[in-house]
Amino acid sequence: MATKEGRMDYTFASDPKIAERGQDVYDSKASNPVGYHQHASDDSSLDSVKEVFSVEQIDPVLARKMALVNEAIDSIGMTGFQWKMFVLNGAKSDKYSSSLSVTQLQTLPFSKNTVYQASTSQEYRWLLKSVYSVAIYSAGAGGNYILDATCFLEFLPTNRAWLVTFMSIWWAVGYTITGLFAWGFMSNYSCDPDATTATCTHADNMGWRYLHFTCGAVVLTMALARLLLIRMVQTPRWLLSQNRDEEVFAVLDGIARKYKRTHSLTLDQLRTQGTILHTEKSVWSSLRIKMHFKGLFQTRKLGWSTTVIIANWFIIGMVSPLYSVFLPFYLKSRGADTGDSSNYTTWRNYAVNQVAGLFGPAIAAVLVETNFVGRRRTLAIGALITMVLQFGYTQIKTPAQNVGVSAAITAASNIYYGTIYAYTPEILPSAHRATGYGLCVVVNRVGGILGVLVGSYANVKTTAPLFVCAALFGLLVILSLLLPFESKGKRSQ
């Protein structure tokens, strides 16, 4: 994925073949393809919308072509095509978050109980099989959300870019569905966390299996829907970075024709700008592969931006398992302090937390478009509120405080998650966007591994990991404000 930078997006199978170069999209015999556009002279001025950053000094041809394509996308505006993408790409994120949540919930018993209970060679064999199954499950569950946000962004007009932030609500929907299933299954069909192999039989501990069966059925249904109901097209900005001008025009003009919108882009306008650097070489050439990474640091400001956003992803990777993965343990230990640590109460509180998480992306979508706030300050606000609440969580005394404060933490942290999910592709160059986003996620996973190690060696029944989480969120406040680009109201490149 990262080397070829090939990106695809989706629409329903009933849509026209807007990605094809057929006669129905443009007249290949004419010197100037006929598009569904208003006449515009070659020297027609572009509008005054600014770019997030300029690529003029990196590749002047790409900068000029990107300006033309961005203007065409803004002229076409928001159509049913983008709304279908919002639902479809969001549903993919929902599927991924459901899978991730189930994997995390399955891992908890192994990480905190099973290792210490495996006292015979047979038990160790079963333990290893379980660990391997979780590893394979995790590897197969993830990765799509990189392309979901990237592809959706590359079709959006500038004034609707906030929808990428709001699309992260589908993540919260996935976690909420899993949380509600976990409440039903884990509280009624699970052994006590302190049970041993002698007191916990297979029949007594079917809860996590039922959870897997149910969520697996949901994921399978959605996967089949993807295969049967959608078709794929390449995004115009990526096609442009590959110097595939004809396909760029075909995609945009096809959308305009279907939804009866107008634009001023012509194929000749794109062709006369020149050739994008290095596109004459194979996508597998060492130069092209190297440029996908070098392109993320080609100017001092862009290099600083890439470095800081990677640092943000690393820190949030550490925080996530320390809080989210071990949340049931925190809830149980706090419940014990406040009088109720039963399985039912623990998983009920977990479900309530996930429902509260739905508010985070919605709040973030409003804040990122608010004057004097924007993307960077929304990141800082989400991290700051989460830090304050996590320090406060260490002081809870009642069951109501246990549920209320932990739910508020989930909602506040989702303000940060939803914003960084959308902000990251906005500040990366289109030609290298998937590579940069993929690099952020890899570093995020490394941080997650370190977070799990910290949680494993720390006593999660104490408040120590929460203090660590709060301190890391404080660091995220600083890192968010150090980001050099504010993308509110600006076009991504």
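Reading guide: rules and limits
- Residues numbered from 1 in each chain as written.
- Predicted model: local features only at pLDDT ≥ 70, side-chain atom pairs only at ≥ 80, totals over all residues.
- Heavy atoms only, no water.
- Phe/Tyr/Trp six-rings, centres within 6.5 Å; stacked < 30°, edge-to-face > 60°.
- Helix = DSSP H or I, 4+ residues; strand = E, 2+ residues; numbered from the N terminus.
- Buried < 20%, exposed > 50% of the residue type's maximum accessible area, 1.4 Å probe, protein only.
- Disulfide = S-S within 2.5 Å.
- Patch = residues over 30% accessible without salt bridge, like charges linked within 9 Å, V, L, I, M, F, W, Y side chains within 5 Å.
- Areas by Shrake-Rupley, 256 points an atom, 1.4 Å probe, with all protein chains shown as cover.
- Salt bridge = Lys/Arg side-chain N within 4 Å of Asp/Glu carboxyl O.
- Core = buried A, V, L, I, M, F, W, Y, C linked by side-chain atoms within 4.5 Å.
- Contact = heavy atoms within 4.5 Å.

**Remarks on the packing of aromatic side chains**
Right, on to step 1. As enumerated under the stated definition, the model contains 15 aromatic pairs in all.
Right, on to step 2. Taking the centre distance of 6.0 Å and the plane angle of 5° together, the rings of Phe-86 and Phe-166 count as stacked. Residue Phe-86 is found in helix α2 (residues 80-117), and its partner Phe-166 is found in helix α5 (residues 162-167); the two are separated by 80 residues along the sequence.
Right, on to step 3. Here Phe-86 falls in the buried class, since its relative accessible area comes to 9%.

**Regarding the state of the cysteines**
Right, on to step 1. Across all of its chains, the model carries 1 disulfide by this definition.
Right, on to step 2. Paired by a disulfide, Cys-191 and Cys-200 hold their sulfur atoms 1.8 Å apart. Classification of the bridge connecting Cys-191 and Cys-200 rests on its S-S torsion, roughly 85°, and on that basis the disulfide is right-handed.

**A look at a nonpolar patch on the surface**
Right, on to step 1. Taken together, Val-442, Val-446, Ile-449, Leu-450, Leu-453 and Tyr-457 make up a surface patch of nonpolar side chains, about 620 Å² in accessible area.
Right, on to step 2. Structurally, Val-446 can be placed in helix α18 (residues 433-457).

**Remarks on the pattern of salt bridges**
Where charged atoms of side chains with opposite charge meet at close range, the side chains can pair.
Right, on to step 1. All told, the structure shown has 8 salt bridges when counted by the stated rule.
Right, on to step 2. Across the pair Glu-426 and Arg-375 runs a salt bridge, and its minimum N-O distance is 3.1 Å. Residue Glu-426 is located in helix α17 (residues 399-426), and its partner Arg-375 is located in helix α16 (residues 374-393); the two are separated by 51 residues in the primary sequence.
Right, on to step 3. Between Glu-486 and Arg-376 there is a salt bridge, and its shortest N-O distance comes to 3.6 Å. Of the two residues, Glu-486 is situated in the segment after α19 (464-482) and Arg-376 in helix α16; the sequence distance between them amounts to 110 residues.
Right, on to step 4. On the basis of relative accessibility, which here comes to 17%, the residue Glu-486 falls in the buried class.
Right, on to step 5. Through salt bridges with shared partners, a single network forms among Glu-369, Arg-375 and Glu-426.

**So, the nonpolar core**
Right, on to step 1. Among the nonpolar cores identified, the biggest contains 92 residues, and Phe-152, Leu-252, Ile-309 and Tyr-437 are the most heavily contacted of them.
Right, on to step 2. Element by element, the count of residues in this core is highest for helix α12 (residues 300-325), at 11 residues.
Right, on to step 3. Ignoring sequence-local partners within four residues, the contact set of Ile-309 consists of Ile-420, Tyr-423, Thr-424, Ile-427, Cys-440 and Leu-483.

The quantities given are spatial measurements derived from coordinates; they are silent on function.
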